[in-house]
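# Architecture at a glance
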Amino acid sequence: MAERIPRVPVREQDPKVRAHNFEEVCYGYNLEEAMTEASRCLHCKNPRCVTACPVSIKIPEFIAKVKEGDIAGAAAIIGEDSSLPAVCGRVCPQETQCEGSCVLGVKGESVAIGKLERFVADHTFEGETLSPSGVGCASESEVLRSEATNAASAAASESRAMRGMVDAGPRTEGLGTIPLGGAGGYKGTDNGHKVAIIGSGPAGLACASDLAKWGYDVTIFEALHKAGGVLEYGIPEFRLPKEAVLKREINEVKALGVKIETDVIIGRTVTIDSLMDDEGFEAVFVGTGAGLPKFMGIPGENLNGVFSANEFLTRNNLMKAFREDYLTPIHAGKKCCVVGGGNVAMDAARTALRLGADTSIIYRRTEVELPARKEEVHHAKEEGVDFQMLTNPVEIIGDENGWVKALKCIRMELGEPDESGRRSPVPIPGSEFEIPTETVIMALGTAPNPLIVNTTKGLEATRRGGLVADDEGRTTRPGIFAGGDAVTGAATVILAMGAGRKAARAIDEYLKTK
Amino acid sequence: MFKILKRQMLTPNICKMVVSAPRIAKSALPGQFLIVLANEEGERIPLTISDYDREKGTVTIVTQLIGASSAAIIAKEEGEFFRDVVGPLGNPSAFVKMDEEALKGQRYIFIAGGLGTAPVYPQAKWLHDRGIAVDVIIGARTKDLLIYTEELGSACDNLYLCTDDGSVGFHGVGTACLEDLVNNQGKEYTQAVAIGPMIMMKFATLTCKKLNIPIDVSLNMLMVDGTGMCGACRVTVAGKTRFACVDGPEFNGYDVDFDEAMRRLGQYKAEEAEEKAKYVK
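Calculation rules
- Residues numbered from 1 in each chain as written.
- Chains lettered and ligands numbered in written order.
- Predicted model: local features only at pLDDT ≥ 70, side-chain atom pairs only at ≥ 80, totals over all residues.
- Heavy atoms only, no water.
- Helix = DSSP H or I, 4+ residues; strand = E, 2+ residues; numbered from the N terminus.
- Rg over C-alpha atoms; globule rule 2.2 N^0.38 Å.
- Buried < 20%, exposed > 50% of the residue type's maximum accessible area, 1.4 Å probe, protein only.
- Polar contact = N/O pair within 3.5 Å; in protein donor to acceptor, adjacent residues only side chain to side chain.
- Contact = heavy atoms within 4.5 Å.
- Pairing = 2+ DSSP bridges.
- Core = buried A, V, L, I, M, F, W, Y, C linked by side-chain atoms within 4.5 Å.
- Buried area = accessible area lost by both parts, 1.4 Å probe.
- Salt bridge = Lys/Arg side-chain N within 4 Å of Asp/Glu carboxyl O.
- Domains from an automatic or database assignment.
- Nonpolar A, V, L, I, M, F, W, Y, C, P; charged D, E, K, R; others polar.
- Axes fitted to C-alpha atoms, helices over the stretch in contact; angles between N-to-C directions.
- Parallel < 35°, antiparallel > 145°, perpendicular 65-115°, else oblique.
- Patch = residues over 30% accessible without salt bridge, like charges linked within 9 Å, V, L, I, M, F, W, Y side chains within 5 Å.
- Areas by Shrake-Rupley, 256 points an atom, 1.4 Å probe, with all protein chains shown as cover.
- Phe/Tyr/Trp six-rings, centres within 6.5 Å; stacked < 30°, edge-to-face > 60°.
- Lys NZ or Arg CZ within 6 Å of the ring centre and 35° of its normal.

Before going further, it helps to spend a moment on the overall build of chain B. Broken down by element type, chain B carries 11 helices and 16 strands. Against the 2.2 N^0.38 benchmark of 19 Å for 281 residues, chain B shows a C-alpha radius of gyration of 18 Å, consistent with a compact globule. Structurally, chain B occupies a C-alpha span of about 55 × 40 × 40 Å along its principal axes. The burial tally for chain B puts 56% of its 281 residues in the buried class.

Let's shift gears to the side chain of Arg365(A). Residues and elements named next belong to chain A. Examined against the element boundaries, Arg-365 turns out to sit in the loop between β8 (358-362) and α17 (374-383). For Arg-365, a relative accessible area of 2% gives the class buried. For Arg-365, the side chain forms a polar contact with the side chain of Asp-418, separated by 3.1 Å. Arg-365 has contacts with Met-389, Leu-390, Leu-414, Asp-418, Arg-422, Arg-423, Ser-424 and Pro-425, leaving out every residue within four places of it along the chain.

Next up on the list: the sheet that holds strand β16 (residues 250-252) of chain B. Residue and element names in this part refer to chain B. Sheet architecture is open: 7 strands sit in the order β11-β10-β9-β8-β12-β13-β16, paired in mixed fashion. Two strands lie at the open edges of the sheet, namely β11 (170-171) and β16, each paired on one side alone. Note: strand β8 (residues 107-113) against strand β12 (residues 191-195), 5 bridges, orientation parallel. Within β12, the position partnered with Ile-111 by the bridge is Ala-194.

Membership of the largest hydrophobic core comes to 74 residues, with the highest contact counts inside it found for Ile59(A), Phe62(A) and Leu211(A). The biggest single contributor to this core is helix α20 (residues 493-513) of chain A, with 9 residues. Beyond its immediate stretch of four places on either side in the chain, Phe62(A) contacts Ile57(A), Ala74(A), Ile77(A), Ile78(A), Ile113(A), Leu116(A), Glu117(A) and Val120(A). Core analysis: the second largest hydrophobic core is formed by 50 residues, Leu47(B), Ile74(B), Val136(B) and Cys156(B) among them.

We now examine the interface of chain A and chain B. With 44 residues of chain A in contact, the opposing surface of chain B contributes 46 residues. Between chain A and chain B, the buried area comes to about 3800 Å², and carbon and sulfur atoms account for 50% of it. Remark: the boundary between chain A and chain B carries 3 salt bridges. A salt bridge links Arg23(B) to Glu279(A), with the nearest nitrogen and oxygen atoms 2.7 Å apart. Summed over the shared surface of chain A and chain B, the number is 27 residue pairs in polar contact (both at pLDDT 80 or more).

Attention shifts here to the domain arrangement of chain B. All names here are of chain B. Along its sequence, chain B is carved into domain 1 (2-89), domain 2 (94-217) and domain 3 (219-266). Each side of the interface is counted separately: domain 2 has 16 residues, and domain 3 has 15 residues. Roughly 1200 Å² of surface becomes buried between domain 2 and domain 3 when both sides are summed, with 62% attributable to carbon and sulfur atoms. Together, Met-198, Lys-202 and Val-217 form the three largest contributors to the area buried by domain 2 at its contact with domain 3, with a combined 52%. At the surface where domain 2 touches domain 3, the tally comes to 1 salt bridge. Measuring nitrogen to oxygen at the nearest pair gives 2.8 Å for the salt bridge that ties Asp-259 to Lys-202. Among the secondary structure elements, those contributing two or more residues to the side of domain 2 that touches domain 3 are α8 (198-211) and β13 (215-218). With 7 residues, the single largest contributor to the side of domain 2 that touches domain 3 is α8. For the side of domain 2 that touches domain 3, the residue count by class is 9 nonpolar, 4 polar and 3 charged.

All names here are of chain B. Two elements in contact, α8 and helix α10 (residues 258-265), have axes whose closest approach is 10 Å; the angle formed by their N-to-C orientations is 175°. When the interaxial angle is binned, α8 and α10 end up roughly antiparallel. Contacts between α8 and α10 involve Met-198, Ile-199, Met-201, Lys-202 and Thr-205 from the former and Phe-258, Asp-259, Ala-261, Met-262 and Leu-265 from the latter. Among the residues forming the contact of α8 with α10, the class breakdown is 7 nonpolar, 1 polar and 2 charged.

When their charged atoms lie close together, side chains carrying opposite charge are able to pair. Residues and elements named next belong to chain A. Taken as a whole and judged by the stated rule, the model has 44 salt bridges over all chains. Two residues, Asp-81 and Lys-58, come together in a salt bridge whose shortest N-O distance is 2.7 Å. Taken as a pair, Asp-81 in the loop between α5 (71-79) and α6 (85-91) and Lys-58 in the loop between α3 (48-52) and α4 (59-68) lie far apart in primary sequence, 23 residues in all. Relative accessible area serves as the criterion here: at 2%, Asp-81 is assigned to the buried category.

What follows concerns a nonpolar patch on the surface. Residues and elements named next belong to chain A. Residues Leu-42, Val-103 and Val-106 make up a contiguous nonpolar surface patch of about 260 Å² in total accessible area. Topologically, Leu-42 is positioned in the loop between α2 (31-38) and α3. For Leu-42, a relative accessible area of 39% puts it in the partly exposed group.

To continue, consider the packing of aromatic side chains. Applying the stated criterion across every chain, the model contains 11 aromatic pairs over all chains. Summarising the aromatic geometry, the rings of Phe307(A) and Tyr268(B) are spaced 6.1 Å apart at their centres and angled 25° between planes, so their arrangement reads as stacked. Of the two residues, Phe307(A) is situated in strand β6 (residues 306-308) and Tyr268(B) in the loop between α10 and α11 (269-279); the pairing between them involves two chains. Of the residues examined, Tyr268(B) reaches a relative accessible area of 2% and is grouped as buried. The ring of Phe238(A) carries Arg354(A) above its face, with NZ or CZ at 3.8 Å from the centroid. Sitting over the ring of Phe387(A), Lys381(A) keeps its end group 5.5 Å from the ring centre.

Now the structure itself:
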């Protein structure tokens, strides 16, 4: 019986080795492994995994194709609903979404849906090696992967044709159905309507892909010098290789005819009003994310050696500080404390570790409450990151030159559940202690940037800074739509993509009835 | 890609460049800055806008050779390209938003030091063009290091040159010149603006406090994105943490914690020295 096969483990870089490099941790499945893993799926009549997926990927259907070895067919099915499968297969919190709802997970281990999605996406890129970072991977896995490449390359060209077939022409369905989507489609017949997308992160890319496929003339404006938003500046190379994976998927979006103009800060370089009044854009989607870092407000936060996770990660990811041939400096020190327990905290800690710092995570609740993906916590531990749970910083202590010397913390215990349902941490009086450290990285979450609200007539924001928008992404001003972290505050890549796609439908509706 | 249309060395270490950047030129206002990334491997360097021409679609930047990244900017020749130029960033100077009536009675004094002289130019010009009283003090170590003297000469009512060695103009620093103007020459100013090295702006603020003149200073902090994302440019202003990129770059000098700002500017000194040794001979 299929369910008797244990979940196929995925090959990963040795923790001792990867703690010193920035190459991808996970090698992914090869064809044989993927087909075996796919055979575990029970093909439930009412697949709860699909309901749990924010973009409703037809999971059992694509897995059935993988099981048959029809990777092109699987790619076509995923492509109908997701524009960034290679990214999502790597960074989605599957354990709380698709895999968390898998029936197999009730008694045993769920199907490795994320790893299968990643496998399918990686194999869809024709003629490219499957090496995640292109250099220096273990030789054994290279061999395994190159075998898989051969099998997949024939499938890949076929996949292009298939995806084109399922996805030609403008959308005609009603609003209730999810339109055909995914970057793996074809540009629709030009309908002459111009739409501007602000931000090239997951929300913007998903929105742009759908609109381009329906024939819209889409331009994405990006404030930074590279496209991808948080996928580029936030998520490290060892989780999401930039050249081999991200750039490839962004190129797929560009291939749909989407233009990406970098170095344009909406609200400064040009305003939304001038895009609409002077440049002929009929609708605008705001997918600017949540980019403003939070600090704790404790003494010593402006000492040298205290960084926001945003700064630390941007220096390393976008500006490639880890590479000798790039100029941007980065300072992890010999000892680094990262404050926070989310994915960003894990990313920052594992980056600091790779830069040579003995690194600790400081989190005020227990490991059970860590908001990070389990896989990231597991990887961080394997690599040697120290976890100080039930610990909260109260002060950063500096030396005579104004550099960080120690992080003063207090031990916590869990009290009554708060409004989020989590037991709130309470300080234990008199338990203060100091951790000697050279750097402190604050990974406490981020908030939306107020620039667009402040420079656009008729847009409203909530108290927490998110743009006011309905479920379909309509803001308080007709013609302007928004979605992703810019509306909700910091969340996940896949939720942002889902919001981008919903807004694309609302934009389509708006422009057709205007 | 952004084309360099003109390049001119103003001193052996200071380079002026006119760059094609139509979108930025269209929106730029005095007091704002931009970020330049010379090449793929470079750093994003914040530089104050020294001039802009909306018709020609150009912006002017002035760069001083300090480390590897500024060297990469200066190394570019006319006709070559910067990988990226982004802006305008930050808020325009306070006077840009003041209503005309309130501006009419103002008498401005600019205190410019070294490289900071270049961004004073669009500010002084903006005021001078509108008939507002503007005097400018430029200071440098010696005569040959003074920049923008001609441009500023035609963008203000009175231009005062100062040199530390007395080779031209007032013998002494800009703040001493300001004290001399107010105490001995009967000059009265309602608002001062200082742009230059952090230490100079600190002393300009102390002098203005003594003379009871309000002063704005333009903080050239370390930055990565320039849009409020990284927080590298944190400064304490009136006891609160502010981001120079989005809350500034100009702040009321009286409120700025200059010692902290100076310390924070040196945050990557060790790493920068290492890079400089590799790239700058």
